[in-house]
Amino acid sequence: MFDDILLPTDGSECAQAAVGYAADLATRYDARVHALCVADSRTLENAPHHDQIREERAEVAERTCNDVSVSGVPVEHAVRTDVPHRAILDYATEQDVDLVVMGTHGRTGVERYLLGSVTEKVVRLSEVPVLTVKAAEDGAVTYPYTDVLVPTDGSEGAETAIGPAVDVANTYDARLHALSVVDTMAIGVDVRSGAMLDALEDSAQSAVESVEERATEASVSAVETAIEHGSPYRGIRSYVEERDIDLVVMGTHGRSGIERYLLGSVTEKTVRTSPAPVMTVRQPE
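Quick caveat: nothing in here was measured; it's all calculated off a predicted structure.

### Some words on the pairing of strand E6 (residues 147-151)
On any regular strand, side chains alternate: one points to one face of the sheet, the next to the other face. With five of five residues buried, E6 is to be regarded as a mostly interior element. Burial of E6 is two-sided: the residues Asp147, Leu149 and Pro151 facing one way and the residues Val148 and Val150 facing the other way are all buried. Pairing between E6 and strand E7 (residues 175-182): five bridges, direction parallel. Pairing of Leu149 across the sheet is with His177, part of E7. Once the chain exits E6 it traverses helix H6 (residues 156-172) before rejoining the sheet at E7, and the crossover so formed is right-handed. Bridging between E6 and strand E9 (residues 247-252) involves two bridges; their strand directions are parallel. From the neighbouring strand, Leu149 faces E9, where its bridge partner is Val248.

In structure tokens form, the structure reads like this:
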């Protein structure tokens, strides 16, 4: 499924956190890694030492390339001059990349680092899946994956993530968790005994059963389903923490980032706050 993996880097600690994840996936999928460093054209044009900046970018890319090569996977590096998120997306298209693996500062979403706000733009606009990784304070990693979560609301956007989630679970021989959070917060009234709640729960049950069916057909070794109530992104985060989830795979509607669907703005909140890496898969147009 993943033959070419793009690893954007700016040499920061958060970018470095993504290196191991990219290398591990490349090892499992027999894939090639592309280490890309971008010189921001918006600041480079008037910079007094633009040649030096380009050289530094090249050194960062080469250093990342060396870090990946230790794992024994094929890797190449490149430097581009452009607006960072555009360079990443263009490179992914030019090189037929199947997956982007990026670091993210998470939390507020207002950081202006290459791998802060730019990661969110790539998540919204990338045609291929994007795996976002935050640097753990203790340096701990969550691969190799043993528990993979796919949140779902039964929508087309959610369905898009099932295939990659099932494939990763199979590749790592991991347990696949299907979770649907009934968004009682959005209704604004207590409907715990009403017909509306029954309909929402039926829809949630159908959604997780769809994931379970796909996983069973693909011979995933273990599958668990769950239905929770409350705020969707908080429910996802709690499930990740309580079940020691190693990877979240979820769909996103992308584009504007202002959608209020389970898998629109909630995906962005999950990317920022999840203690586990999140692989986002955008719904095709």
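### Topic: the pattern of salt bridges
Side chains that differ in charge, positive against negative, can pair when their charged atoms come close. The final tally for this structure, using the stated rule, is 12 salt bridges. The residue Glu268 makes a salt bridge to Arg124 at a minimum N-O spacing of 2.9 Å. Remark: Arg124 occurs in helix H5 (residues 117-125) and Glu268 occurs in helix H9 (residues 265-273); sequence separation between them is 144 residues. Overall, Arg124 belongs to the partly exposed group, its relative accessible area being 21%. Here Arg243 ties to Glu224 by a salt bridge, and the two come within 3.0 Å at their closest N and O atoms. Pair noted here: Arg243 is in the loop between helix H8 (232-242) and E9 and Glu224 is in strand E8 (residues 222-229), with a separation of 19 residues, a long-range link. Arg243 gets classed as partly exposed once you look at its relative accessible area, which sits at 35%. Under the relative-accessibility criterion, Glu224 is labelled partly exposed at 26%. Connected via shared salt-bridge partners are Glu120, Arg124, Glu268 and Arg272.

### Some thoughts on the confidence of the model for the protein
Across the protein, the average pLDDT comes to 86, with 86% of residues at or above 70. Within the protein, helix H2 (residues 41-44) has the poorest average pLDDT of any element, 76, and E6 the best, 97. Per-residue pLDDT stays below 50 along residues 254-263; that stretch engages in 29 contacts with residues further than four places along the chain or on separate chains.

### Some points on the packing of helix H1 (residues 13-29) against helix H3 (residues 50-69)
With their axes 9 Å apart at the nearest point, H1 and H3 run at an angle of 40° to one another. As the angle between them shows, H1 and H3 are arranged oblique. Like other packed secondary-structure pairs, H1 and H3 cross with a definite hand, here right-handed. Along the contact surface, H1 presents Gln16, Val19 and Ala23, while H3 presents Thr64, Asp67 and Val68. Within the contact of H1 with H3, the residues separate by chemical class into three nonpolar, two polar and one charged.

### Re the packing of H6 against helix H7 (residues 195-217)
At a minimum axis separation of 10 Å, H6 and H7 run at an interaxial angle of 35°. Relative to H7, H6 is oriented so that their crossing is right-handed. Of the residues in H7, those in contact with Glu159, Ile162, Gly163 and Val166 of H6 are Ser210, Val211, Arg214 and Ala215. Residue classes in the contact of H6 with H7 are distributed as four nonpolar, two polar and two charged.

How each quantity is defined
Residues numbered from 1 in each chain as written. Predicted model: local features only at pLDDT ≥ 70, side-chain atom pairs only at ≥ 80, totals over all residues. Heavy atoms only, no water. Buried < 20%, exposed > 50% of the residue type's maximum accessible area, 1.4 Å probe, protein only. Helix = DSSP H or I, 4+ residues; strand = E, 2+ residues; numbered from the N terminus. Pairing = 2+ DSSP bridges. Right-handed = clockwise from strand over helix to strand, strands pointing away. Salt bridge = Lys/Arg side-chain N within 4 Å of Asp/Glu carboxyl O. pLDDT = per-residue confidence, 0-100. Contact = heavy atoms within 4.5 Å. Axes fitted to C-alpha atoms, helices over the stretch in contact; angles between N-to-C directions. Parallel < 35°, antiparallel > 145°, perpendicular 65-115°, else oblique. Left-handed = near helix turned anticlockwise from the far one by under 90°. Nonpolar A, V, L, I, M, F, W, Y, C, P; charged D, E, K, R; others polar.

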